[in-house]
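Residue-level structural notes
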Amino acid sequence: MTHKRNLTAEERRELTVDAVIDLSAQDDPANITTGSIAKHMGVTQGALFRHFPSKDAIWEAVISRVAERVMKRLDKAAASANNPLAALEAMFHGHITFIVEHPGVPRLMMGQLQHARPTPARRMVRSLLFLYRERIERLLVEAQEAGELRRELNIEAAATQFIGTIQGLVMQSLIIGNMSHMAEQAEGAFLLYCHGIQQERGAHS
């Protein structure tokens, strides 16, 4: 088709990233081949390798774009809040919404973390998770200093629980085969999380 020939190299790389994310929502990422990517896009494998030197380079680009997109979404969500705890809630729901919109992302991430060799993509996933956790801990500290959270709260444990709550919703949704289930359960899950970390009303800071 004519519009495909008119795409820039960057646009073609972006389409490749989207194709891998789409395929990951349908199948185990370990089963995705350059052939299946090319077929999904309606191009030849040769066309793929004009923009990526290897399959590893494709995965690296995918993880890079996913990291960029998710952090941009979460930063925007947090920026709209008027206090640290509200920012945490906005990030929580922003993350859930992102996963519902892109159900292949959790499989992509887990697939890379389970990779037997230390690929660039695997290192990027680990860096993303570290950055994500760092931002959660920072907001928790700010919320604690603002008197919104219990003074004795273990920030590291609270960050772990925040991430674990999202992961639990992902797992439940994968088990029942309906990623929209996450959105339905998100509000209740976050309220339960808050119940364990918030300063009791009337308590002295």
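Procedures and definitions
Residues numbered from 1 in each chain as written. Predicted model: local features only at pLDDT ≥ 70, side-chain atom pairs only at ≥ 80, totals over all residues. Heavy atoms only, no water. Helix = DSSP H or I, 4+ residues; strand = E, 2+ residues; numbered from the N terminus. Buried < 20%, exposed > 50% of the residue type's maximum accessible area, 1.4 Å probe, protein only. Contact = heavy atoms within 4.5 Å. Areas by Shrake-Rupley, 256 points an atom, 1.4 Å probe, with all protein chains shown as cover. Axes fitted to C-alpha atoms, helices over the stretch in contact; angles between N-to-C directions. Parallel < 35°, antiparallel > 145°, perpendicular 65-115°, else oblique. Left-handed = near helix turned anticlockwise from the far one by under 90°. Nonpolar A, V, L, I, M, F, W, Y, C, P; charged D, E, K, R; others polar. Phe/Tyr/Trp six-rings, centres within 6.5 Å; stacked < 30°, edge-to-face > 60°. Patch = residues over 30% accessible without salt bridge, like charges linked within 9 Å, V, L, I, M, F, W, Y side chains within 5 Å. Salt bridge = Lys/Arg side-chain N within 4 Å of Asp/Glu carboxyl O. Core = buried A, V, L, I, M, F, W, Y, C linked by side-chain atoms within 4.5 Å. pLDDT = per-residue confidence, 0-100. Expected span 1.5 Å × (residues − 1).

The next thing to look at is the overall build of the protein chain. Helix and strand content of the protein chain: 10 helices and 0 strands. Helices and strands in the protein chain line up, N terminus first, as α-α-α-α-α-α-α-α-α-α. If one aligns the C-alpha atoms of the protein chain with their principal axes, the spans along those axes are about 65 × 35 × 30 Å. When each of the 205 residues of the protein chain is scored for burial, the buried share is 39%. Partitioning the contacts of the protein chain with sequence separation of at least 6, the portion at a separation of at least 24 is 64%. Working note: accessible area of the protein chain is about 11600 Å², and carbon and sulfur atoms make up 52% of it.

Moving on, we come to the packing of helix H9 (residues 155–176) against helix H10 (residues 180–197). Running from N to C, H9 and H10 point in directions that differ by 155 degrees, and their axes come no closer than 10 Å. Taken together, the axes of H9 and H10 are roughly antiparallel relative to one another. Between H9 and H10 the crossing geometry is right-handed. Contact residues: H9 offers Ala158, Ala159, Gln161, Phe162, Thr165, Ile166, Leu169, Val170, Gln172, Ser173 and Ile176, while H10 offers His181, Met182, Gln185, Ala186, Ala189, Phe190, Tyr193 and Ile197. Residue classes in the contact of H9 with H10 are distributed as 13 nonpolar, 6 polar and no charged.

A full pass over the atoms with the stated rule returns 4 aromatic pairs. Consider the rings of Phe92 and Phe190, whose centres lie 5.1 Å apart with planes at 50 degrees: the pair is tilted. In this pair, Phe92 sits in helix H6 (residues 84–101) while Phe190 sits in helix H10, placing the two residues 98 residues apart along the sequence. Considering the side-chain rings of Phe162 and Tyr193, the 5.7 Å spacing of their centres and the 75 degrees angle between planes classify their relative orientation as edge-to-face. Here Phe162, found in helix H9, pairs with Tyr193, found in helix H10; they are 31 residues apart in sequence, far enough to count as distant. Since its relative accessible area comes to 7%, Tyr193 is described here as buried. An aromatic cluster of at least three residues, connected via ring pairs, comprises Phe92, Phe162, Phe190 and Tyr193.

With that settled, the discussion passes to a nonpolar patch on the surface. On the surface, Met171, Leu174, Ile175 and Ile176 cluster together into a nonpolar patch covering about 380 Å² of accessible area. Within the secondary structure, Met171 is located in helix H9. For Met171, a relative accessible area of 47% corresponds to the partly exposed category.

A word on the pattern of salt bridges. Evaluated as defined, the whole model comprises 9 salt bridges. Each member of the salt-bridge network shares a partner with another, and the members are Glu10, Arg13, Glu14, Asp18, Arg65 and Arg69.

Moving on: the nonpolar core. Generally speaking, soluble globular proteins have nonpolar side chains that are buried together. Grouped together as the largest cluster of nonpolar side chains are 59 residues, with contacts concentrated most on Ile37, Phe92, Leu140 and Phe162. When residues of this core are traced back to their parent elements, those giving at least two are helix H2 (9–26), helix H3 (34–41), helix H5 (55–79), H6, helix H7 (104–113), helix H8 (120–145), H9 and H10. When residues in this core are grouped by element, the largest group, 11 residues, is from H5. Among residues more than four places away in sequence, those in contact with Ile37 are Thr16, Ala19, Val20, Leu23, Ile32, Leu48 and Ile58.

Turning our attention to the confidence of the model for the protein chain. For the protein chain, per-residue confidence averages 90 on the pLDDT scale, and residues scoring 70 or more make up 95% of the total. Element-level pLDDT for the protein chain is lowest in helix H1 (residues 2–5), with a mean of 46, against a maximum mean of 95 in H6.

Quick look at H2 now. Compared with the 26 Å implied by 1.5 Å per residue over 18 residues, the 26 Å span of H2 between its first and last C-alpha is a close match. Along H2, the positions that sit buried rather than exposed are Thr16, Val17, Ala19, Val20, Ile21, Leu23 and Ser24. Tucked into the core, H2 has its buried residues touching H3, helix H4 (45–49), H5 and H7.

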